Amino acid sequence: MSLVRYRPAEAVRWLEMGSGTTARGAQRRGVAVFRSEETDLKRSVRDAAGAIMGAGKSAIAHALHAHSTTVEYVLHDDYMEIVGGPKTRTIRYKDIQRMVSRGDRVDLELADGTVKVAPPAYISVGRVRVPIGWNRNGIDVPFDLLPDELSARCRVNIETE
């Protein structure tokens, strides 16, 4: 078999763009608080708190984007590598004893612990939350394909809890 790489789909780049927009908005609100001639202390405190919250949201979105783009699953013939930033974990398929689906997440149970395979990010529209899929060797695929392919390679059925 040839090498298979699962990377987060291109949709995660919107997280980075969103964090930049949120950061610029928070910066504008923060500058406006200090330049304001407002004498109402309550309003000034509320505006400053809003700017701080916006900056926090921006930082969180930036961190989530950085984390989601560093996750990569590389499937070899008899083992897989989970690349996450500076560290890489290698797991042999024969060491996976059980696969359990818990919502959008699949836990790979090994003799020495558990490894979680989860979507790199989600897209939310109203109350609907959908996991972002993967880019599998250059082709966008749904999130479920990675656990299904692992199940086939490990010869372990995915159980649902």
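(A) Layout of the pattern of salt bridges. Within this structure, the stated rule accounts for 11 salt bridges. Its salt-bridge partner being glutamate 149, residue arginine 136 comes within 3.0 Å of it at the nearest N-O pair. Linking arginine 136 in strand S10 (residues 134-136) with glutamate 149 in helix H3 (residues 145-154), this pair joins segments that are 13 residues apart in sequence. Take arginine 136: its relative accessible area is 25%, and that puts it in the partly exposed class.

(B) Representation of H3 in the model. By the criterion of burial, H3 is predominantly enclosed, with seven of the 10 residues buried. Residues of H3 that are buried: Leu146, Pro147, Glu149, Leu150, Ser151, Arg153 and Cys154. Phi turns positive one or two residues past the end of H3, at arginine 155, with a value near 60 degrees.

(C) View of the sheet that holds strand S2 (residues 71-75). Spatial strand order, S4-S3-S2-S1-S10-S11: six strands in an open sheet with antiparallel pairing. Either end of the sheet is taken by a strand with one partner, and the two such strands are strand S4 (87-92) and strand S11 (139-141). Neighbour-to-neighbour, the strand axes of this sheet turn through a mean angle of 25 degrees, independent of strand direction. Here S10 pairs with S11 via three bridges, running antiparallel. Following the sheet pairing, tryptophan 134 is matched in S11 by valine 141.

(D) Representation of the confidence of the model for the protein chain in the model. Here the protein chain averages 78 in pLDDT, and 63% of its residues register 70 or above. Predicted confidence is poor over residues 65-69, with pLDDT under 50, and the contacts of this stretch with residues over four places away or in other chains come to 10 contacts.

(E) The packing of aromatic side chains, seen in detail. Considering all chains together, one arrives at three aromatic pairs under this definition. Ring centres of tyrosine 6 and tryptophan 134 lie 6.5 Å apart, and the angle between their planes is 85 degrees; on these two criteria the pair is classed as edge-to-face. Linking tyrosine 6 in strand S1 (residues 4-8) with tryptophan 134 in strand S10, this pair joins segments that are 128 residues apart in sequence. For tyrosine 6, a relative accessible area of 0% translates into the label buried.

Reading guide: rules and limits
- Residues numbered from 1 in each chain as written.
- Predicted model: local features only at pLDDT ≥ 70, side-chain atom pairs only at ≥ 80, totals over all residues.
- Heavy atoms only, no water.
- Salt bridge = Lys/Arg side-chain N within 4 Å of Asp/Glu carboxyl O.
- Helix = DSSP H or I, 4+ residues; strand = E, 2+ residues; numbered from the N terminus.
- Buried < 20%, exposed > 50% of the residue type's maximum accessible area, 1.4 Å probe, protein only.
- Pairing = 2+ DSSP bridges.
- Axes fitted to C-alpha atoms, helices over the stretch in contact; angles between N-to-C directions.
- pLDDT = per-residue confidence, 0-100.
- Contact = heavy atoms within 4.5 Å.
- Phe/Tyr/Trp six-rings, centres within 6.5 Å; stacked < 30°, edge-to-face > 60°.

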